[in-house]
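Observations on chain architecture
Each chain, written out:
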Amino acid sequence: VQLQASGGGLVQAGGSLRLSCAASGRTFSSYGMGWFRQAPGKEREFVATISQSGIVTYYAGSVKGRFTISRDNAKNTVYLQMNSLKPEDTAVYYCAARVGTHSVRSSEYAYWGQGTQVTVSS
């Protein structure tokens, strides 16, 4: 599967952005999906994950209550709605796919998008 992330940009603290990740292929509904991010000088970290059906979601503590992951299997797309953004959310955001259910571990994802930059100014 090939993944194409979009929707990043520059936003002021307290603002919102919605990231999208479009997947190629006909079996999107068989993949657990995740969003990860990497800030300059830091390791890639888990943000959110969603099950194949979209029923189960899980978030990193730092974004819980502010970010929402969702998916539209008919459109082969997963989303990350980000509200109440903070300067510490500044990073390159990556979507990822794995055959099977969701996971918080980046090592369990075989497919990665190219990343989209999110910059939050104070």
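Please refer to the structure placed before this passage.
Report follows, based on the coordinates. As the structure is a computational prediction, the values presented were derived from the model and not from experiment.

Rules of the game
- Residues numbered from 1 in each chain as written.
- Predicted model: local features only at pLDDT ≥ 70, side-chain atom pairs only at ≥ 80, totals over all residues.
- Heavy atoms only, no water.
- Phe/Tyr/Trp six-rings, centres within 6.5 Å; stacked < 30°, edge-to-face > 60°.
- Helix = DSSP H or I, 4+ residues; strand = E, 2+ residues; numbered from the N terminus.
- Buried < 20%, exposed > 50% of the residue type's maximum accessible area, 1.4 Å probe, protein only.
- Lys NZ or Arg CZ within 6 Å of the ring centre and 35° of its normal.
- Core = buried A, V, L, I, M, F, W, Y, C linked by side-chain atoms within 4.5 Å.
- Contact = heavy atoms within 4.5 Å.
- Pairing = 2+ DSSP bridges.
- Axes fitted to C-alpha atoms, helices over the stretch in contact; angles between N-to-C directions.
- Salt bridge = Lys/Arg side-chain N within 4 Å of Asp/Glu carboxyl O.

Examining the packing of aromatic side chains
- Tallied over the full model, the rule gives seven aromatic pairs.
- Arranged with centres 5.9 Å apart and planes meeting at 85°, the rings of Tyr-31 and Tyr-111 form a pair that is edge-to-face. One end of the pair, Tyr-31, is in strand β4 (residues 31-38); the other, Tyr-111, is in strand β10 (residues 111-112), with 80 residues separating them in the sequence.
- Given a relative accessible area of 30%, Tyr-111 falls into the partly exposed group.
- Positioned above the aromatic ring of Trp-112, the side-chain terminus of Arg-44 is 4.5 Å from the ring centre.

Some words on the nonpolar core
- Counting residues in hydrophobic clusters, the biggest one holds 34 residues, and the most contacted among them are Met-33, Trp-35, Leu-80, Met-82 and Tyr-93.
- Listed by contribution, the elements that provide at least two residues to this core are β1 (3-6), β3 (17-23), β4, β5 (45-50), β7 (67-72), β8 (77-82), β9 (91-99) and β11 (116-121).
- Counting residues per element, this core draws most heavily on β9, which supplies five residues.
- Not counting chain neighbours up to four residues away, the residues in contact with Met-33 comprise Leu-3, Cys-21, Phe-28, Ala-48, Thr-49, Ile-50, Ile-69, Arg-71, Val-78, Ala-96, Ala-97 and Tyr-109.

Re the sheet that holds β8
- The four strands lie next to each other as β1-β3-β8-β7, forming an open sheet whose pairing is antiparallel. Since the sheet does not close on itself, it has two edges, and those belong to β1 and β7, each with one partner. Direction aside, neighbouring strands of the sheet carry axes that sit 15° apart on average.

Things to note about the pattern of salt bridges
- Within the structure shown, the criterion is met by five salt bridges.
- Arg-37 serves as the salt-bridge partner of Glu-45, at 2.6 Å between the closest nitrogen and oxygen.
- The shortest N-O distance in the salt bridge between Glu-108 and Arg-98 comes to 3.7 Å. Residue Glu-108 is located in the loop between β9 and β10, and its partner Arg-98 is located in strand β9; the two are separated by ten residues in the primary sequence.
- With relative accessibility at 33%, the residue Glu-108 sits in the partly exposed group.
- Here the residues in one salt-bridge network are Arg-37, Glu-45, Arg-66 and Asp-89, joined through shared partners.

These figures capture arrangement, not role.
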